[in-house]
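Take a look at the letters that make up each chain.
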Amino acid sequence: MKIKLALLAFAAAISTFAQADNYPSRPIRLIVPYAPAGSADIVARRIGDEWAKALGGTLYIENKAGAGGNIGVDAVAKAAPDGYTIGVQTVSLAINPSLFAKMPYNTLKDLAPVGMIATSQHVLVVNPAFPGKDTKELLAAVKAKPGKYTYGSAGPGSTFHMSAELFKDVTGADIAHIPYKGGGPALVDTMAGVVDMSFPVLSAVVPHVNGGKLRAIGVTGPKRSPLLPNVPTLQESGATGYSFETWFIAFAPAGTPQPIVDKLNAALNKALNSPQLKDKLVKDGFDPIPSTPAQAQGRLSQELVSWGKLIKDRGITAD
């Protein structure tokens, strides 16, 4: 019996490696859990061709939006673990489990991280009429009149929202949240002065800052952006200890054979190291961050804990 079991295990291993050798033998579906033209969609479309080329196959993108990204991620979680359905998600993969009362999937049990893709900063922008010219002046104005000033977000749990709540948590600022149904309307109302400020993704604000329609107070990440080189980080200009970046991760269903996960990861990293792709991503406001599957798993696990604590402490919900 022991010999028989050993032979079966050996045969299964040989089959798995043979499957990986032939992979991919048909088109791969890459699910983006948001509507077209958002940051996750832009990243997926930027990397898609280079990733497919590195794999020696074809890849097509399917947008499957809804429930803060949960519908699209669940479609990957429930797919056959054969490498032919994979997904791309933002830091919301670490935020949503604490934000939503009920989740259709278990992030750690139902998904297999393939690798990190990129990070992107957000920018604290204000209407040009706002009295503060930098982070220190903004915080002084806000703290002088708690609750008077407002910020717009792309909706509860969005990265616009969470970057602002982290800013409030670190600085002690009392700024009222005005949620919108998308980042575009929040940005338009910031320019119009309906709300005082917002924390949009970097790529969305560069033309408005350069055109004088918005004033950039600071970028949210640990270093200045080449797209706005004269804009300091919030941390260096007064928000000590604050840092926020949206990140993008590729993942497959749990149970996907490790040789296939490794092949996907190697091809993804090859694509991210391509000078042409790197240049396109940087111009779009993204910083490529190749990684191993284990490194991606580690970052996801760590941020599930840190975001869970912030969400619980501040009483944030998806409603």
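Residue numbers here run from 1 along each chain, matching the order of that chain's written sequence. Where local features are concerned, this predicted model is filtered to residues with pLDDT of at least 70; where side-chain atom pairs are given and counted, the filter is 80 or more; whole-chain, interface and lining totals use all residues. Water and hydrogen atoms were dropped before computing side-chain values, which therefore reflect all heavy atoms in the structure.

Peer 1: Hey, could you run me through the sheet that holds strand β3 (residues 85–89) in this one?
Peer 2: Hydrogen bonding along the main chain pairs the strands of a sheet, whether they run parallel or antiparallel. Strand pairing is assigned whenever DSSP detects at least two bridges linking the two strands. Working definition: helices are DSSP H or I runs of at least four residues, strands are E runs of at least two. Numbering for both runs from the N terminus. What the 6 strands build is an open sheet, ordered β2-β1-β3-β10-β4-β11; its pairing is mixed. The open sheet is flanked by β2 (59–63) and β11 (286–288), the only strands paired with a single partner. The average undirected angle you get between the axes of adjacent strands in this sheet is 30°. Examined bridge by bridge, strand β4 (residues 111–121) and β11 share 3 bridges and lie antiparallel to one another. For every element, the axis is a line fit to its C-alpha atoms; helices are fit only across the contacting stretch, and the angle between N-to-C directions ranges from 0 to 180 degrees.

Peer 1: I tried to follow the pairing of strand β7 (residues 176–179) on my own but got confused; where do I start?
Peer 2: Regular strands show a simple pattern: their side chains alternate between the two faces of the sheet. Sheet topology places strand β6 (residues 150–153) next to β7; 4 bridges connect them, and they run parallel. Bridged to G152 within β7 is I178. A crossover gets the label right-handed when its path from the first strand over the helix to the second runs clockwise, viewed with the strands pointing away from the viewer. Where the polypeptide runs from β6 across helix α7 (residues 159–171) and back to β7, its parallel neighbour, the crossover connection is right-handed.

Peer 1: Please clarify how the sheet that holds β7 should be interpreted in this entry.
Peer 2: Spatially, 5 strands are ordered β7-β6-β8-β5-β9 in an open sheet, and the strand pairing comes out mixed. The strands lining the two open edges of the sheet, one partner per strand, are β7 and β9 (215–219). Bridging between strand β5 (residues 123–126) and β9 involves 4 bridges; their strand directions are antiparallel. Across the sheet, V126 pairs through a bridge with R215, a residue of β9.

Peer 1: Any chance you could explain the packing of aromatic side chains here in plain terms?
Peer 2: The description of an aromatic ring pair uses the distance of the two centres, along with the angle that the planes make with each other. Between the rings of Phe, Tyr and Trp (Trp by its six-membered ring), a pair exists once the centres lie within 6.5 Å; its type follows the angle of the planes, with under 30 degrees stacked, over 60 edge-to-face, and the other angles tilted. Counted according to the given criterion, the structure contains 7 aromatic pairs. Ring geometry for F130 and Y149: centres 5.1 Å apart, planes at 65°, overall edge-to-face. Of this pair, F130 sits in the loop between β5 and α6 (135–144) while Y149 sits in the loop between α6 and β6, placing them 19 residues apart in sequence. The same class applies to F130 as to Y149, namely buried. Ring centres of F248 and F286 lie 5.5 Å apart, and the angle between their planes is 80°; this geometry places the pair in the edge-to-face category. Taken together, the positions of F248 in strand β10 (residues 245–253) and F286 in strand β11 put the pair 38 residues apart, joining distant regions of the chain. With a 1.4 Å probe rolled over the protein chains alone, any residue whose accessible area is under 20% of its type maximum counts as buried; one over 50% counts as exposed, and the rest are partly exposed.

Peer 1: What should I look at first to understand empty space enclosed by the protein in this one?
Peer 2: Think of a ball as big as a water molecule: rolled over the atoms, this probe shows where empty space is left. A 1.4 Å probe that fits but cannot get out identifies a cavity on a 1 Å grid over protein atoms alone, an open set with protein on both sides within 12 Å along at least five of seven lines counts as a pocket, and a residue lines either if it has an atom within 4 Å of a point. Grid points are joined across faces, edges and corners, and a volume is the space filled by probe spheres set on the points. Scanning all chains against the criterion turns up 1 cavity of 30 Å³ or more. Taken as a whole, the largest cavity encloses approximately 80 Å³ of empty space. For the largest cavity, the full set of lining residues is Q121, L202, K223, R224, S225, P226, L227, V282, G285, F286 and D287. Nonpolar residues are Ala, Val, Leu, Ile, Met, Phe, Trp, Tyr, Cys and Pro. Charged residues are Asp, Glu, Lys and Arg, and all others, Gly as well, are polar. When the residues that make up the lining of the largest cavity are grouped by side-chain class, the tally is 5 nonpolar, 3 polar and 3 charged.

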